[in-house]
Amino acid sequence: MKIIAYEVREDEREHFDRYTKEFGIDLILTEQIPTLDNASLAAGCDGVTMLGQGKIDSDLLDEYKHLGIHCISTRTIGYDHIDLDYAKKIGLPVCNAFYDPNGVAEYTVMLMLLCIRHYKAALWRAQVNDYSLQGLYGREMRNLTVGILGTGRIGTQVAKILSGFGCRILGFDHHKGAASQWLTYTDLDTLYQESDIITIHLNLSSQTRHMINQETIAKMKDGVILINCARGGLMDTDALIAGIEQKKIGGLGLDCFEHEEGIYHLDRRDDIISNQSMAYLRQFPNVVMTQHMAFYTDAAVASMVRCGIEGIYSVIMKGGYPALL
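Residues numbered from 1 in each chain as written. Predicted model: local features only at pLDDT ≥ 70, side-chain atom pairs only at ≥ 80, totals over all residues. Heavy atoms only, no water.

*Asks:* Before we go on, may I ask you to explain the sheet that holds strand S2 (residues 26-29) in this structure?
*Replies:* By definition, the strands of a sheet pair up through backbone hydrogen bonds, in either a parallel or an antiparallel sense. Here five strands make up an open sheet; going across it, the order is S2-S1-S3-S4-S5 and the pairing parallel. Because the sheet does not close on itself, it has two edges, and the strands there are S2 and strand S5 (94-95). One ladder, built from three bridges, connects strand S1 (residues 2-5) with strand S3 (residues 47-50); its direction is parallel. Bridging from a neighbouring strand, alanine 5 pairs with threonine 49 of S3. (Pairing = 2+ DSSP bridges. Helix = DSSP H or I, 4+ residues; strand = E, 2+ residues; numbered from the N terminus.)

Below, the structure is given as structure tokens:
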């Protein structure tokens, strides 16, 4: 069996080498983002695996099907970059990745703490020898209410960690689960109205896109802190900017951003970046933005690479059922 892996980072290579030997497959590695222009690289392969920078649309799926690809896997938990409906229509199985929720959950709580203790502003001051305290008045987690939108594996782990701080924890999900031992489930409006901090852990879909918008922000407490370690499209960027400017939003902790493709995970120091909203939002002293790295731990990367290979191997060699279709 032969697989091509697109978007390969240096930190993935040792894991690809290990799992290639374990599963006994031939492997092509490329740093290129999958597009129609480089689809021919997959000729002669049985499977294609990628990360999330490319847009795997109907045209590209047709081309992979034409080339004889039997399965596609994304080495990410999220899969909004793939046209799943069309993949299903043409009979091309798609798999996504799995990794333990600890890394993203810990990172989420870290962003909460950075926001409530004004770490960004304090860091900026220290760099110019300004050690004053004015404007750095913080709050303690035990006195706050945290709302968790989405209580899957990551949301549940966030609730578990937060329980150690002694804060009140609210949750919203259409499917209640194990998180109930650490939080109280409630309706959306109650969560919006009563939470000091709101963190979102949902997949991006047509139903959840811009779930955080001007209307929902208006329902929230003045000075609310919003955290997003999931997908940028869950939040309306214009509404976030207006909320910060109007001081409705007291702080933002963002590990992802709308239209981050072609920016995050790349060295763009010498380039002109055309995402004006991103540049404007990040300059506020109460906005912490990182480059979609909450997932980025040694354990998670190893798991993502393994899933990228094992998903394809299970579908083709064992007739396994893929993760998504």
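Moving on from the coordinates now.
*Asks:* How do you make sense of the layout of surface pockets when you look at a structure like this?
*Replies:* Its boundaries defined by the atoms lining it, the second largest pocket holds a volume of some 330 Å³. Lining of the second largest pocket is provided by 18 residues; of these, His118, Gly135, Ile249, Gly250 and Asn286 occupy positions nearest its centre. Contributing elements (two or more residues each) for the lining of the second largest pocket: helix H4 (102-116), helix H9 (237-245) and strand S11 (249-254). Here the lining of the second largest pocket is built from residues that sort into nine nonpolar, six polar and three charged. (1 Å grid on protein atoms, 1.4 Å probe; cavity = no way out; pocket = protein on both sides within 12 Å on 5 of 7 lines; lining within 4 Å. Points joined across faces, edges and corners; volume = space filled by probe spheres on them. Nonpolar A, V, L, I, M, F, W, Y, C, P; charged D, E, K, R; others polar.)

*Asks:* Could you clarify how one ought to interpret the nonpolar core in this entry?
*Replies:* Nonpolar side chains in soluble globular proteins tend to end up buried together. Grouped together as the largest cluster of nonpolar side chains are 34 residues, with contacts concentrated most on Leu162 and Ile197. Those elements giving two or more residues to this core turn out to be H4, strand S6 (145-149), helix H6 (153-163), strand S10 (224-228) and helix H11 (298-317). In terms of residue count, H4 provides more of this core than any other element does, eight residues in total. For isoleucine 197, the contacting residues outside a window of four places in its chain are Met112, Ile116, Met141, Leu144, Thr145, Val146, Gly147, Ile225 and Ile227. Within the second largest apolar cluster, 32 residues are counted, among which are Leu149, Leu234, Tyr264 and Met289. (Core = buried A, V, L, I, M, F, W, Y, C linked by side-chain atoms within 4.5 Å. Buried < 20%, exposed > 50% of the residue type's maximum accessible area, 1.4 Å probe, protein only. Contact = heavy atoms within 4.5 Å.)

*Asks:* Got a minute to help me understand the packing of helix H1 (residues 10-23) against H11 in this structure?
*Replies:* Relative to each other, H1 and H11 sit at 35°, their axes nearing to 9 Å. Here H1 and H11 pass one another in a crossing that is right-handed. Counting all contacts with H1, which are made through Asp11, Glu12, His15, Phe16, Arg18, Tyr19, Thr20, Glu22 and Phe23, the residues of H11 involved are Val301, Ala302, Val305, Arg306, Ile309, Glu310 and Tyr313. The class makeup of the residues in the contact of H1 with H11 is eight nonpolar, two polar and six charged. (Axes fitted to C-alpha atoms, helices over the stretch in contact; angles between N-to-C directions. Left-handed = near helix turned anticlockwise from the far one by under 90°.)

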